[in-house]
Amino acid sequence: MLELGGSDPFIVLEDADLAKAVQLAVTSRYFNNSEGCICAKRFLVAESLFDDFTKAFVEQSKALPMGDPLKEGIKLGPLASSGARKNLHRQVLDAVKAGARILTGGEIPAGPGNFYPPTVLVGLPPEAAVAKEEFLVPWLRFSPSRPTTRRFASPISLTSVSALRSGAVTSSGPSRCRSEIESGMVFINDFTRSDPRAPFGGVKASGYGRELGAPGARELTNPN
């Protein structure tokens, strides 16, 4: 099994419950300090919900307590290394140069520690080089989408060569989405998680094979 990370889309359909979608999006983006291969990274939001969703997400991002992760109530700690923060800031600057607009964050805070505030960008062209990179840090980008009954997300969701996980929030249920996402794992109306009962892994440039679940168990056995 080879897992190579991803640039994971989080898709909000026009029939989604707004409050639930924002709560799931915040959890999916910032869990594990955002330093997770299966954290949500690209947010594709139905145009009818885009403004309200983005405003609520930015407000909740700003409210996340950042500091010593050993202290109670802290939601975001420092990044793993100074190199990670340096690369993160480079990605943000590259995104702005490519046409993105920062809604919150985007500046290195003063003081000790490799801290970086939650950073939300909109308007990043999908063809920009940085748009195809994986970012294991607390920044993300939003794009409006025009979902329909058959193709619920814009082609932007399929532009990345990585396809580890993806997620969607909808009141229509999984039947609308299950055949329309090209990804190793798909989460419908739930936040990103890893469960030992379910296979874990990606497709395309996100690797091959599966760990966990029955396929993972078979990887560790000799065939009869």
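Shown above is the structure to which this text applies.
Residues numbered from 1 in each chain as written. Predicted model: local features only at pLDDT ≥ 70, side-chain atom pairs only at ≥ 80, totals over all residues. Heavy atoms only, no water.

A.B. asks: Which residues make up the pattern of salt bridges, and what are the values?
C.D. replies: Considering all chains together, one arrives at two salt bridges under this definition. Among the salt bridges present, the one from D94 reaches R90, with a minimum N-O distance of 3.0 Å. With D94 and R90 both in helix α3 (residues 82–97), this residue pair falls four residues apart, about one helical turn. We classify D94 as partly exposed; its relative accessible area is 27%. Among the residues examined, R90 registers a relative accessible area of 31% and is labelled partly exposed. A salt bridge links R197 to D195; the nearest nitrogen and oxygen atoms lie 2.7 Å apart. (Salt bridge = Lys/Arg side-chain N within 4 Å of Asp/Glu carboxyl O. Helix = DSSP H or I, 4+ residues; strand = E, 2+ residues; numbered from the N terminus. Buried < 20%, exposed > 50% of the residue type's maximum accessible area, 1.4 Å probe, protein only.)

A.B. asks: Account for the environment of Y30, with residues named and values stated.
C.D. replies: The residue Y30 is located in helix α1 (residues 18–30) in this model. With 31 residues separating them along the chain, Y30 and S61 place their C-alpha atoms 8.8 Å apart. Of note is the side chain of Y30, whose polar atom sits 2.7 Å from the side chain of S61. (Polar contact = N/O pair within 3.5 Å; in protein donor to acceptor, adjacent residues only side chain to side chain.)

A.B. asks: So what about the packing of aromatic side chains? Which residues, and what values?
C.D. replies: Throughout the structure, instances matching the rule amount to four aromatic pairs. Consider the rings of F10 and F43, whose centres lie 5.2 Å apart with planes at 35 degrees: the pair is tilted. Taken as a pair, F10 in strand β2 (residues 9–12) and F43 in strand β3 (residues 42–46) lie far apart in primary sequence, 33 residues in all. Both residues of the pair, F10 and F43, count as buried. Pairwise contacts between aromatic rings join F10, Y30, F43, F53 and F57 into one cluster. (Phe/Tyr/Trp six-rings, centres within 6.5 Å; stacked < 30°, edge-to-face > 60°.)

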